[in-house]
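Tertiary structure, described
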Amino acid sequence: MRKPLLLTLTVLAALAAGWGAVALYFSTQAKPANNRAATQPESVATTPMQLEYVPEPIGAPASEFVRPLISHIEIVDLDQDGIADILYCEGQKNSVRWIRQSPRGQFTEFVIGENIPGPVHVAAADLNGTGRLDVLVASMGRILPTNERIGAVVVLENLDNQRFEKRVLLEHAARVTDLRAANLAGHTDGRLDLVVGQFGYDQGETRWMENKGNWQFESRIINTQSGCIHTPVADFDGDGRPDIAALISQEWEEVHLLRNLGGGRLADQVVWGSTNEDFGSSGMTVADVNRDGRPDLVVTNGDALDYSGAGTRPWHGLQWLENKGSGFFQYHRIGNQVGAFSPAVADLDGNGTADIVTVSAFGDWGRPNASSMIAWLNDGRQNFTPVVLARTPTHLITVAVGDLDGNGVPVLVTGGFHIFPPWKDMSSLTLWRRK
């Protein structure tokens, strides 16, 4: 999804010297968090930490989509009946789907949004204080690169927890990759504003849309760089106002903090950036990794869409940006994973710490030991041990974690994104329960 880049003579020299030199040239600005986690999970021997998840297909079968393009999954109690459900986007049918769990353990799938070109992110929020959760959809228009202004901000208004009305709040825009809800303007009547990430291609932007009521929104652009992928929201500086973090890919490869100053003003600052223009930023989420009360950022880099397929890129992997307060974040490299995407944080092994799970969309699927899903187990001191959870299905681009069973044990749901061969080991949605 990044713009093709010209190789400099320095990079060509590194290529001539072999992959070891490439890995050295493409090192980022910090050392790995620990040597053990820095090894490639594909080559890790059996570890003393045992963690096993058992897969179960769920929802529409892969055959319905021929080659599924599941771009995003969210676990949320959409109908607020006390039982978690699953929302997901699918790019072959251009649809948004709700897998309702009712009663517990029984899943029924509904198509709640149709004819939404290139849906790539879904979230749920009560935008107007109705007491019902609306469904927010980021529409790229087309997933593969283009400068056409074909993106849209779509909301599926929840009429009665059964019927959803499609509302297009922004269209003819640079391709939209993320959509979140937050009270950025300080509304007192329950209204929520929208945070919009727009990848575009050469031209992109990050904006917020102030909710004026009655489904009227006023757009305000806060960053004009191309390549915005994710825009999670949290109070990062502890001043009581929600801020925005933005992951900017393309040639920028930066993490921005958009600090909410109040009164509709946001200040843009870069809190981390890679020196590698081919870093491949691919995912970012918010979590308090070290349990110090401050929201941190967990970031993957594994995008390889420019290469038209799988392969070995030794700089791909997982990192933690530790929130030190006052807008400062400390970089920690956690470990390597080819094609790493979609970091999600939960206590996977039940020891009371924040573990991380990642998937691989662009693994080297020609290798029999390539991993498609890895758990990074936290020892409580933020030393992480990689444990391979799955080698098949392949081409996993999204994973969500939640308590679907109501017993406090995290359940994983993954989505297959089969845009490149090999056309085997395909999946749409897979539910993973801890054994």
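Cut-offs used in this document
Residues numbered from 1 in each chain as written. Predicted model: local features only at pLDDT ≥ 70, side-chain atom pairs only at ≥ 80, totals over all residues. Heavy atoms only, no water. 1 Å grid on protein atoms, 1.4 Å probe; cavity = no way out; pocket = protein on both sides within 12 Å on 5 of 7 lines; lining within 4 Å. Points joined across faces, edges and corners; volume = space filled by probe spheres on them. Nonpolar A, V, L, I, M, F, W, Y, C, P; charged D, E, K, R; others polar. Buried < 20%, exposed > 50% of the residue type's maximum accessible area, 1.4 Å probe, protein only. Helix = DSSP H or I, 4+ residues; strand = E, 2+ residues; numbered from the N terminus. Pairing = 2+ DSSP bridges. Phe/Tyr/Trp six-rings, centres within 6.5 Å; stacked < 30°, edge-to-face > 60°. Axes fitted to C-alpha atoms, helices over the stretch in contact; angles between N-to-C directions.

**Some points on empty space enclosed by the protein**
Any empty space left between the atoms is revealed when a probe the size of a water molecule rolls over them. Enumeration according to the criterion identifies one cavity of 30 Å³ or more in this entry. Reported here for the largest cavity is a volume of approximately 30 Å³. Lining the largest cavity are Asn147, Glu148, Arg149, Ala174, Gly200, Tyr201 and Gln203. Partitioning the lining of the largest cavity into residue classes produces two nonpolar, three polar and two charged.

**Some details on the pairing of strand E25 (residues 373-378)**
Two faces belong to every sheet, and in a regular strand the side chains alternate between them. Among the six residues in E25, six count as buried, and that is most of the element. Here E25 shows no split at all, with Met373, Ala375 and Leu377 on one side and Ile374, Trp376 and Asn378 on the other all buried. As paired elements, E25 and strand E26 (residues 384-390) share six bridges and run antiparallel to each other. Along E26, the bridge assignment pairs Asn378 with Phe384. Where E25 folds back on E26, the antiparallel hairpin that results is connected by five residues, among which Gly380 adopts a positive phi of roughly 95 degrees.

**Some words on the packing of aromatic side chains**
Evaluation of the coordinates by the stated rule reveals seven aromatic pairs. With centroids separated by 4.9 Å and ring planes inclined at 5 degrees, the aromatic side chains of Trp272 and Tyr331 adopt a geometry described as stacked. In this pair, Trp272 is assigned in strand E18 (residues 265-273) and Tyr331 in strand E22 (residues 328-336), connecting sequence segments 59 residues apart. For Tyr331, a relative accessible area of 10% translates into the label buried. Of the aromatic side chains, those joined through ring pairs into one cluster are Trp98, Phe110 and Phe164.

**Focus: the environment of Gly82**
When you line up the elements, Gly82 lands in the loop between strand E2 (70-76) and strand E3 (85-90). Of the residues examined, Gly82 reaches a relative accessible area of 57% and is grouped as exposed. Distance in space between the C-alpha atoms of Gly82 and Gly406 is 9.2 Å, their sequence separation being 324 residues.

**Overview of the sheet that holds E25**
Strand order in this open sheet of four strands is E23-E24-E25-E26, and the pairing throughout is antiparallel. Of all strands in the sheet, those bounded by a partner on one side alone are strand E23 (340-346) and E26. For this sheet, the mean inter-axis angle between neighbouring strands, taken without regard to orientation, is 25 degrees. Here strand E24 (residues 355-360) pairs with E25 via four bridges, running antiparallel. Paired with Ile356 across the strands is Trp376, a residue of E25.

**Points about the layout of surface pockets**
The volume enclosed by the largest pocket comes to roughly 1000 Å³. In terms of lining, the largest pocket is formed by 43 residues, of which the most central are His72, His121, Arg180, His230 and Ser342. Elements with a minimum of two residues in the lining of the largest pocket: E2, strand E6 (119-125), strand E10 (176-182), strand E14 (228-230), strand E19 (281-287), E23 and strand E27 (396-402). At six residues, the largest contribution of residues to the lining of the largest pocket is made by E19. A per-class count over the lining of the largest pocket returns 29 nonpolar, 11 polar and three charged.

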